[in-house]
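Residues per chain, in single letters:
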There are 2 protein chains.
Amino acid sequence: MKTGIVKPRTLSGFMELLPKEQLIFNQIRDTLSAVYRQYGFLPLDTPVLEHSEILLTKSGGETEKQIYRFSKGDTDLTMRFDLTVPLAKYVAKNYSALTFPFRRYQIGKVYRGERAQKGRFREFYQSDIDIIGDGSLALMNDAEIPSIIYDIFNRLGLKDFTIRINNRKVLTGFFAMLGLDNNAEGIMRIVDKLEKIGEEAVEKELKELGVSEEHCKKILHFINFKGTNEETIAFLNSLKADNEIFDLGVEELDFVRTAIGSYGVPEENFHIDLTIARGLDYYTGTVYETSFNKHPEIGSICSGGRYENLAGYYTEKQLPGVGISIGLTRLFYILNEKEYLRTDTSAPSDVLVIPMTDDVTPSIQISNELRNANINTQIYFEKKKFKAKIGYADKLSIPFAIFLGEDELAQQKVALKNLTTGEQQVISLEEAITTIKQSLSEKGNTTIIDTELTSR
Amino acid sequence: MKTGIVKPRTLSGFMELLPKEQLIFNQIRDTLSAVYRQYGFLPLDTPVLEHSEILLTKSGGETEKQIYRFSKGDTDLTMRFDLTVPLAKYVAKNYSALTFPFRRYQIGKVYRGERAQKGRFREFYQSDIDIIGDGSLALMNDAEIPSIIYDIFNRLGLKDFTIRINNRKVLTGFFAMLGLDNNAEGIMRIVDKLEKIGEEAVEKELKELGVSEEHCKKILHFINFKGTNEETIAFLNSLKADNEIFDLGVEELDFVRTAIGSYGVPEENFHIDLTIARGLDYYTGTVYETSFNKHPEIGSICSGGRYENLAGYYTEKQLPGVGISIGLTRLFYILNEKEYLRTDTSAPSDVLVIPMTDDVTPSIQISNELRNANINTQIYFEKKKFKAKIGYADKLSIPFAIFLGEDELAQQKVALKNLTTGEQQVISLEEAITTIKQSLSEKGNTTIIDTELTSR
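In this text, all values refer to a predicted model and were calculated from it rather than measured experimentally.

1. Some thoughts on the overall build of chain A
Along its length, chain A carries 18 helices and 16 strands. For chain A, the spread of C-alpha atoms along the principal axes amounts to about 90 × 60 × 45 Å. Buried residues in chain A amount to 59% of all 456 residues. In the form shown here, chain A has an accessible surface area of approximately 19000 Å², with 47% of it arising from carbon and sulfur atoms.

Below, the structure written as structure tokens:
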């Protein structure tokens, strides 16, 4: 290398995609936005940097270690590590300018200085939706969230997933019925790890917390109940009458699962699972996790729940809400690693126009008409051999090429080549537009995720 | 305030929009992407953070002061301050995986710790396109860039702008003809400030650089030439024959302005302006600036040019290119400040469904059908008075409301209210869908920028 040349490199834990991957990533991101918009969510875009005292609502060891925090002049700055704290700040700050229920989505990068390892990112996209009420928020909103998640995965072509729901009140109430009220939060955090660490380890940790052998068995028996949604509700109903919180939780859970059905989410895609607890104390009612059936090892690809108060750190207003977050970068990484993504549908343009005469003016005019017909069009201007020009379209998977030579121009026609089939025809520009658009609309019906592969 | 409550605030110089503004901002951003895609540009998304030695290619006082740089563990990190340096790194790093000419767009946030003042941002979006060749790049690409910019502003509804073009070789050659070869870069930087500081100040600075009175007059006379594009080319042609670089520059400029015409950009929207020099040494040929005719005080809203080598800092490959950058956050700020943006077309959803019965199931089903018809639909679930429900739609400028009471459900109809006209009718869901879609398609034809206001 020449002196002074610096080796180009990207920070580890920072995803930087090649163009073809980036096209697919963007398609997924745009699908998320489109579905959020279909449900009336407003976009939000908060700064990546905030005053440290604004983001670090809980001075805690783990958070502090993982954040990117620094000073510039007198200002103590932190890069956002999630989209929830900035939302809380935003809603508290703009309370009087907002209309409640405030439904917002935000798809943005967040930063965590975690130990770098395969599949773990330090810069990654989160895709969040939340519905925030002013003082109160109807329970029906808790049923809409799974419907949105279902629509998203369905549109992407992922069929093989389960939205698992539970209600924290059911767990809290059950622990209270065992007389374990004081330890409820601690138990919740241990129970939440069941899938990760297994039953034995959970039992061990519960005992360390002071839970008796008998109570451990009862807790594990309870959360491990397996059955259809109806059976689970029947099981829960049979335990009612002892504890108000438990009873309320069961009613909420029953209401929400019935309403999810009204939204048209198939039974096979949502399931009441009493092991779902969510580690965060923040959640107070409905909780969600979503698993990829074939790959339980991945853990939840999308989680959230109902909370009683979003922004107590910044305002005295009571702002209950419900929301869910998709770890978009991680989801993309998994789908890409497992080769579930269709790569054949992404190209920089729909057609490459190749001028075969010195004067490129007709090629420019024809390209303008193609673009006016909503066909993404690139002209190849470089002086290269014919093979190199076609090779360019091939390498980029551009599906069509149009050649414009003296003959075609004299006949007021174009030579349209379908680069997938190899078929070439000399036709009018109008006919070429029709052919290209038809092929595009067929492609538009395929999904980003190859459903055959994921369900094989 | 309660003890422990922290006042919610956002860093100064960081734009954080209210929902209605954010909707419009996103519409503008999406228009930019759509036009870039129409011309076959590939999306790119590079990290916000990079190794400092990667970004700080030129260790320079001004850059150093303005950047956000910090350490995390042993790593020296910098937040990107533009999208060009990351592009250079990306192309050098992925050279063998890319297909050239490599056409990429990137719309992303960049960071500059400048002194905060009105209209100046520390976090702002840049929207860049570049076409990078491997070894060479056809001059025709220089003509495509203004066509893209024209399409963007035209789609946004901004008519009152001029893309001003020049060619650095014309200036360099002219200075050489005066025997000022050695000072060319310095003179270029001073001349570039003409619009900002005025003729007298330019003359003063030129003299300080050692340029004689006679040469100052000649330079100012030359760059101040006013005429149509044709007249300017004729004027330049009359000066040809003395200097190869000058002659080449004139030929390039003539070729580019003719080709811009082939793209269909009207003469009134692009103009050869010999005062355009661009401060950066980086540019070697065509240069662009774009001004808002009514507001010259704003300066260039979009600038760029042709460069000989993108990534010399990272690779020995010769990578010439041409590109342009829109300061999106600043453009939005200006359009918003001057109240040129239509606020009447942005709402979180197209229709608000208001259930008037306890059972909301029919409302959910009807909303599903509306969404399937590509109508963005929100259901109002909160238990509020009727007036509050309608008030919600009004405050958010949602154009339609659908009421579903016992009567409508019994008749299998819906009550559709147009909230702009106040008109209400009880019709079938199919008729309601047709009415809403027609209204949406009419709105779809209006532009984001109110053309009447900008041209008044």
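2. Considering the relation of the copies chain A and chain B
Taken as rigid bodies, chain A and chain B are interconverted by a rotation of 180° and an axial shift of 0.0 Å, the fit giving an RMSD of 0.0 Å. The two molecules are tied by a two-fold rotation axis, judged by turn and shift. For chain A, the smallest separation between a C-alpha atom and the rotation axis is recorded for Phe70 of chain A, amounting to 3.2 Å. When you check the interface residues of chain A against chain B, 100% turn up at the interface there too, and the contact is symmetric in its surfaces.

3. Section: the pattern of salt bridges
With the rule as written, the count across this model stands at 60 salt bridges over all chains. Asp76 of chain B serves as the salt-bridge partner of Arg69 of chain B, at 2.6 Å between the closest nitrogen and oxygen. Taking relative accessible area as the criterion, Arg69 of chain B reaches 35% and is therefore assigned partly exposed. The salt bridge involving Glu213 of chain B is made with Lys207 of chain B; its shortest N-O contact spans 3.2 Å. Given a relative accessible area of 45%, Glu213 of chain B falls into the partly exposed group. Salt bridges sharing partners connect three or more residues here, namely Arg164, Glu195, Asp273, Arg278 and Glu289 of chain A.

4. Quick look at the pairing of strand β10 (residues 302–307) of chain A
All names here are of chain A. Across the 6 residues of β10, 6 count as buried, placing the element largely inside the fold. Sheet analysis places strand β9 (residues 283–292) next to β10, joined by 5 bridges and oriented antiparallel. Looking at β10, one finds that Tyr288 is bridged to Gly304. Both β10 and strand β11 (residues 321–327) contribute to a ladder of 6 bridges, which runs antiparallel. Residue Arg306 lies in a different strand from β11, and its bridge partner there is Val322.

5. A look at the packing of helix α11 (residues 229–238) of chain B against helix α12 (residues 244–262) of chain B
Residue and element names in this part refer to chain B. Across the interface, α11 lies against α12 with an axial gap of 10 Å and an inter-helix angle of 160°. With respect to each other, α11 and α12 are oriented roughly antiparallel. Where α11 crosses over α12, the handedness of that crossing is left-handed. Residues Asn229, Glu230, Ile233, Leu236 and Asn237 of α11 lie in contact with α12, whose contacting residues are Phe246, Val250, Leu253, Asp254 and Arg257.

6. Observations regarding the environment of Phe41 of chain B
Along the chain, Phe41 of chain B falls in the loop between α1 (19–38) and β1 (42–43). Along the backbone, Phe41 of chain B and Lys384 of chain B are 343 residues apart, and their C-alpha atoms lie at a distance of 49 Å. Not counting the four nearest positions on each side in its chain, Phe41 of chain B is found in contact with Pro348 of chain A together with Tyr36, Arg103, Arg104, Tyr105, Ile129, Asp130, Ile131 and Ile148 of chain B.

7. Considerations on helix α9 (residues 199–208) of chain B
Residue and element names in this part refer to chain B. Val202, Glu203 and Leu206 are the residues of α9 that are buried. Angular distribution of buried residues about the axis of α9 spans 100°; they occupy a single face of the element. Opposite its buried face, α9 presents the exposed residues Glu200, Lys204 and Glu208, each directed more than 90 degrees away. At the C-terminal side of α9, Gly210 shows a positive phi close to 100°.

8. A closer look at the sheet that holds strand β14 (residues 400–404) of chain B
All names here are of chain B. In space, the 5 strands of this open sheet follow the order β13-β12-β14-β15-β16, with mixed pairing throughout. On the outer flanks of this sheet lie β13 (377–379) and β16 (424–427), each paired with one strand and no other. With direction set aside, neighbouring strand axes in the sheet form an average angle of 25°. Here 4 bridges tie strand β15 (residues 414–418) to β16, and the two strands are oriented antiparallel to one another. Looking at the pairing, Leu416 lines up with Gln425 of β16.

9. A look at the packing of aromatic side chains
Residue and element names in this part refer to chain B. On inspection of all chains with the given rule, the structure shows 41 aromatic pairs over all chains. Geometrically, the ring pair formed by Tyr36 and Tyr105 is tilted, given 5.4 Å between the ring centres and 45° between the ring planes. Of this pair, Tyr36 sits in helix α1 while Tyr105 sits in strand β5 (residues 102–111), and the two are 69 residues apart along the sequence. The exposure classification of Tyr36 matches that of Tyr105, with both residues buried.

Analysis parameters
Residues numbered from 1 in each chain as written. Chains lettered and ligands numbered in written order. Predicted model: local features only at pLDDT ≥ 70, side-chain atom pairs only at ≥ 80, totals over all residues. Heavy atoms only, no water. Helix = DSSP H or I, 4+ residues; strand = E, 2+ residues; numbered from the N terminus. Buried < 20%, exposed > 50% of the residue type's maximum accessible area, 1.4 Å probe, protein only. Areas by Shrake-Rupley, 256 points an atom, 1.4 Å probe, with all protein chains shown as cover. Least-squares fit on C-alpha atoms with pLDDT ≥ 70 in both. Contact = heavy atoms within 4.5 Å. Salt bridge = Lys/Arg side-chain N within 4 Å of Asp/Glu carboxyl O. Pairing = 2+ DSSP bridges. Axes fitted to C-alpha atoms, helices over the stretch in contact; angles between N-to-C directions. Parallel < 35°, antiparallel > 145°, perpendicular 65-115°, else oblique. Left-handed = near helix turned anticlockwise from the far one by under 90°. Arc of directions from axis to C-beta. Phe/Tyr/Trp six-rings, centres within 6.5 Å; stacked < 30°, edge-to-face > 60°.

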